Amino acid sequence: MTVSGPRTPEPQPAAPGASSVEQLRKEGNELFKCGDYQGALTAYTQALDLGATPQDQAILHRNRAACHLKLEDYDKAETEASKAIEKDGGDVKALYRRSQALEKLGRLDQAVLDLQRCVSLEPKNKVFQEALRNIGGQIQEKVRYMSSTDAKVEQMFQILLDPQEKGTEKKQKASQNLVVLAREDAGAEKIFRSNGVQLLQRLLDTGESDLMLAALRTLVGICSEHQSRTVATLSVLGTRRVVSILGVENQAVSLAACHLLHVMFDALKEGVKKGFRGKEGAIIVDPARELKVLISNLLELLTEVGVSGQGRDNALTLLIKVVPRKSPKDPNNSLALWVIDQGLKKILEVGGSVQDAPGELTVTANSRMSASILLSKLFDDLKCDAERENFHRLCENYIKSWFEGHGLAGKLRAIQTVSCLLQGPCDAGNRALELSGVMESVIALCASEQEEEQLVAVEALIHAAGKAKRASFITANGVSLLKDLYKRSEKDSIRIRALVGLCKLGSAGGTDFSMKQFAEGSTLKLAKQCRKWLCNDQIDAGTRRWAVEGLAYLTFDADVKEEFVEDEAALKALFQLSRSEERSVLFAVASALVNCTNSYDYEEPDPKMVELAKYAKQHVPEQHPKDKPSFVRARVKKLLAAGVVSALACMVKTESPVLTSSCRELLSRVFLALVEEAEDRGTVVAQGGGKALLPLALEGTDVGQTKAAQALAKLTITSNPEMTFPGERVYEVVRPLVSLLHLHCSGLQNFEALMALTNLAGISERLRQKILKEKAVPMIEGYMFEEHEMIRRAATECMCNLAMSKEVQDLFEAEGNDRLKLLVLYSGEDDELLQRAAAGGLAMLTSMRPSLCSRIPQVTTHWLEILQALLLNPNQELQHRGAVVVLNMVEASREIASTLMESEVLEILSVLAKGKESPVTRVAAACLGKAVDYGLIKPNQDGE
C-alpha cells in the first residue's frame, strides 16, 4: 500500500462483535479531521477501554500517536506508536509516526532505524524516502559539528588556563566562544563529556572575575533544562562551593552565580525538556533531596559573616523564586513549610539588620524589602490556620528573644524586625506590634537624641500607620509626635520620614473628596515639601525614596496630582530615582503614577443607590472635580511629554524581587492609561512601550496581565505590529491577545483582542500558525455568534484572515459543520461591515478550496438571493467580493454554473460586464466567458 498522509488516522474494518469499538474509532477519526485532537484522543481511549482485539488495539494506539503528534506531546506519541508496533511489528504507519516523534525529541539515531524499516516495507513510498534523506542529512551535520567542536573545546580550555595568556584578547575571545558553544545542547554536551566541569572548576578557582564569569555562564548552558548534568555538576563542584560564589564582592560574578543557581533549581524541578536524555533517571535518586541541600546552603549564606550585601540580596531573590508554589492549585507546600522551620529565623535576622551599623550583617538598602517579600510569599503559601499559627509563633519568639535581655541594641533589632514584617506579611507584623512593650518602645525611641535610634523607630511608626488595626491608635497618639519631629528635628533624614507618616495618615480617605483628614491646604503643603526633597540631589537616594513614598499617598488628592504633573523638575527627579540602584522605590513610583493617571479601579455609583444612601444618612464617596476625564487626559499628556514611558520601561527591566506581581500590576495599569487615546500610542511605541509591555502581559497578577494584554491590543490595532514589535517579539504578542478572548474578560477586551488578532493574521502565515497553536480558533468561532454586532463583526474579520491557512480551510471543508453556512448567511446581513468580512472570507475559501463551491447551494435555500444582493450592492468592494465568489463557483463546476446562468445572476453579470472598466467588470466578464466555454450561453454578434 502507499501511505500518502501518514499523520491522518483512517477508518479500518472492525472485528465481528466490536461495533462499539468501531463506532468510537470512526467518531475519533471525524474529530481528528475537524482538528479536535483532544476529543479524538478521548474517543480512541474509550475504544481501547472496551476490550478491542489486538488488531484494533494496534490501530487505536497508532491513531493516538497521531493525536499526540498534533498536540506536540512527542514523548506520548513515541509511547503510543511503540505500543502499536508491539501489537503489529509491520505496522508501517506506527513506525513512521514513531520516527517523527523521535526526530522531534532529538533522538535521530533511533528515528533513522524506524525510517529504514518503513522503506524496507514500502520501497516505493516517496514520503518515507524523502524523510530518510532529510534525517540522514541532519545526522551527518551533527557528526560534522561534534567532530569539529572536539578540538575547539580542548583549544579553548588550553588558552583560558594558560598563565601566559593573562588578560589577552585571545583569552577573551576563547571565553566568549566557550559561552556561545554551551548555549547549544550539542555544544553543552560536548563540553560536559570533555571533562568540562572539572576544567571550569579550575577557572573558578583562579579568582579572576573575567574567568569566573566565563565559567559560570558556560555552566548555565551545561545545566539548562538538563537534570543529570546538573546533578553531576553539583557533585563535582560541591553545592557549598557554588552557593558561596554568591557572596563575593564582585556584583557581576554574584549575579552570574545567582543565574546559574536558578537554572539548576529549574533543572532539578522540571527535568529534561531537550535531547541527550539517555538513562539519566537512574542517576537521580531523589531530586527533592538535591533541592533541599541547595536551599539549606542558601539559608546558611544569609547569616554568614563576610558575605557581601549584594550576595545576601541574590540569595533572598533565589529563595523568592524557587520556594513558594507557582500556583495555589498545587497542593504541595512542603518546601515552604520546610524553609519556615529551618530558616525563618535567618530570614528575620537579615530583615532586622541595620545598614552600615557596626557588628551587623552586611546588607544593602534593598535587603530588608527583599526579606519582607520572601516572608510575605512564605506566609501566603500556607494553607491552614495551624500552619499560620506556627509562623506567628516563630516570629513572635524571635522578636521576644531580642526585645528582652539584650538592652537597647536588642530592642532596636526587635523593632526593625517588626518593620520588616509590617512591610511583608502584615498580619504577623500586627501581632508583633501587640506584644507587650513594643509599641511603647517605638513611641519612646522617636524622641531619642541618637539619629540611628530615631530612624528605626520612626520607620516602624510609618509602617504601622498603614495597617488598619493600628492606624486609629497612631492617628490619636502619633500625629502630634510626628508633627513635632517634622517641625523641630534638625536632620532631614528624620523630618522626611516624619513627613511620610503624616502623609500616610492624611491620605486615609483615599480618593474620597469628602473624607479630608487634615485642614484645607495641608496636603498641598506636605506635597510641596516632598517635591522639594525629591528634587534635592544632595540628599542620598535612600532618603529621597521617602519623599516618593509621601507622594504615593498624597497623590490620592487631585489637587496634589495637578501640581505634581506641572512640576517638570519633580517628574524628572522621580524618573531618575526610578532608574537608580534604590530598587525599593519602585512600588512608590508606580503607586504615584497610578494615582496621577487615575488607573485604579473606579466604578461610577448608581444614582439611585446614592439617593438611597443619602436618605439613610450613610456616607457617600465624592469624586474630586479635578479627577474628571478631561483633567486625567491632560495629566497623561504631561507625563508622556516628561518621558514617563522610558522610566516605566527601565522599571520593567529590573531584576529584583522588589518588582513584585503587585508592582507589575501597577505598571500595567499605568501603561493602559497611557495608550487609552489613539493619538498617544505612537509616543508610547517610540519610547519603548511595546517592548516593555510584553513581560508585564506574561507574568504577574491575573489583573495585571489582562491590563497589559489590553494595552498591547490597543497598540496592535492602531499601529503596524511589525514596527511596534520588531523581529521575534511580534510572535510573543499572540498569547497575551488570545488570553483576552476568555469569557472572564470584558466585551471591550474581547473586541480589542479580536481586532488586534485580525491585524496579526493578515501579516504572515507564521503568525497565523502561532494564533492556531494558541488554540484561538474555537474562541474566535464562538464570538462569531455573539449578540453584540461589533464583536461578531470583529470575529468574522479575524476568521476571514485566518482562512488563508490550510488548517482553517480544512475546518471549513470538514463534513458535518455549519461554518460555511454562517459565512453565506452573514454575506446577506444588513450590517455592511459584517457583510464585507463574511463575503471576503467566502471569496478566499471558494478560491482556495473549490470543493466548497458545490456546498454553498446546500447550506441555505437563500444562497442565490444573497449572491444577487452582493452583485447589486452599491458598494464596489462588496460587489467585487460577490463577483469573485460567483466566478469561483462557475469555474468549480458546470452544474453550478448552469444553475447560476438560469437565474437572474446572468442578467446582473451582463450589466456589470458592460460597465466602466474596473475589477468588478473584469470578474463579471470572466464569469460570462467561462459560461460560454461550457456552452451554457452564446456571445452576441459583437462577440460580447
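By the naming in an unreviewed UniProt entry, the chain is Protein unc-45 homolog A, taken from Equus caballus. Under the Subunit (unreviewed entry) heading, UniProt states for the chain: "Interacts with PGR isoforms A and B as well as with NR3C1 in the absence of ligand, and with HSP90AB1. Binding to HSP90AB1 involves 2 UNC45A monomers per HSP90AB1 dimer."

### Topic: the environment of L113
By the secondary structure assignment, L113 is in helix α6 (residues 108–121). A residue is classified by how much of its surface remains accessible, and L113, at 53% relative accessible area, is exposed. With 18 residues separating them along the chain, L113 and L95 place their C-alpha atoms 9.4 Å apart.

### Concerning the pattern of salt bridges
Where charged atoms of side chains with opposite charge meet at close range, the side chains can pair. Under the defined criterion, the tally for this structure stands at 44 salt bridges. Residue E459 is joined to R368 by a salt bridge in which the shortest nitrogen-to-oxygen separation is 2.5 Å. Of the two residues, E459 is situated in helix α23 (residues 451–465) and R368 in helix α18 (residues 367–380); the sequence distance between them amounts to 91 residues. Per residue, the accessibility class of E459 equals that of R368, and both read buried. Measuring nitrogen to oxygen at the nearest pair gives 3.2 Å for the salt bridge that ties R735 to E774. Placement of the pair is R735 in helix α41 (residues 734–739) and E774 in the loop between α43 (765–773) and α44 (777–783), with a sequence separation of 39 residues. What you see here is one network of salt bridges that share partners, running through K806, D810, E813 and R849.

### Some thoughts on helix α11 (residues 209–223)
Quick reminder: α-helices carry 3.6 residues per turn. Residues three or four places apart thus point the same way. Over its 15 residues, α11 runs 21 Å from end to end, which matches the ideal 21 Å to within 8%, given 1.5 Å per residue. Across the 15 residues of α11, twelve count as buried, placing the element largely inside the fold. Along α11, the residues classified as buried are L211, M212, L213, A214, A215, L216, T218, L219, V220, G221, I222 and C223. Phi turns positive, to about 55°, at E225, one or two residues after α11.

### Details of the packing of aromatic side chains
Enumeration according to the criterion identifies three aromatic pairs in this entry. Ring geometry for F32 and Y37: centres 5.1 Å apart, planes at 65°, overall edge-to-face. Across this residue pair, the class does not change: F32 and Y37 are buried. When the centroid spacing of 5.2 Å and the interplanar angle of 45° are considered together, the rings of Y96 and F128 count as tilted. Of this pair, Y96 sits in helix α5 (residues 92–104) while F128 sits in helix α7 (residues 126–161), and the two are 32 residues apart along the sequence. The buried category is assigned to F128, whose relative accessible area is 0%. Positioned above the aromatic ring of F403 is the side chain of K411, whose terminal nitrogen or guanidinium carbon lies 4.9 Å from the ring centre.

### Concerning the environment of S376
Relative to the helices and strands, S376 is located in helix α18. The spacing of S376 and I320 is 56 residues in sequence and 9.5 Å in space, taken between C-alpha atoms. Discounting residues that sit within four places of it in the chain, S376 has contacts with G424 and P425.

### Regarding the nonpolar core
Counting residues in hydrophobic clusters, the biggest one holds 259 residues, and the most contacted among them are F391, F671, L674 and L900. A per-element tally of this core places helix α14 (residues 251–270) first, with ten residues. With sequence-adjacent residues up to four places away left out, L900 is seen in contact with W863, L864, L867, V886, M889, V890, V905 and L906. A84, A94, V112 and F128 belong to the second largest nonpolar core, which has 16 residues in total.

### As for the packing of helix α50 (residues 863–871) against helix α53 (residues 905–913)
Two elements in contact, α50 and α53, have axes whose closest approach is 10 Å; the angle formed by their N-to-C orientations is 15°. As far as their axial angle goes, α53 and α50 are roughly parallel. The handedness of the crossing between α50 and α53 is left-handed. When α50 is examined against α53, the residues L864, Q868 and L871 are found in contact with a partner set consisting of V905, I908, L909 and L912. Residue classes in the contact of α50 with α53 are distributed as six nonpolar, one polar and no charged.

How each quantity is defined
Residues numbered from 1 in each chain as written. Predicted model: local features only at pLDDT ≥ 70, side-chain atom pairs only at ≥ 80, totals over all residues. Heavy atoms only, no water. UniProt positions renumbered as here; feature names shortened; annotations may be inferred. Helix = DSSP H or I, 4+ residues; strand = E, 2+ residues; numbered from the N terminus. Buried < 20%, exposed > 50% of the residue type's maximum accessible area, 1.4 Å probe, protein only. Salt bridge = Lys/Arg side-chain N within 4 Å of Asp/Glu carboxyl O. Expected span 1.5 Å × (residues − 1). Phe/Tyr/Trp six-rings, centres within 6.5 Å; stacked < 30°, edge-to-face > 60°. Lys NZ or Arg CZ within 6 Å of the ring centre and 35° of its normal. Contact = heavy atoms within 4.5 Å. Core = buried A, V, L, I, M, F, W, Y, C linked by side-chain atoms within 4.5 Å. Axes fitted to C-alpha atoms, helices over the stretch in contact; angles between N-to-C directions. Parallel < 35°, antiparallel > 145°, perpendicular 65-115°, else oblique. Left-handed = near helix turned anticlockwise from the far one by under 90°. Nonpolar A, V, L, I, M, F, W, Y, C, P; charged D, E, K, R; others polar.

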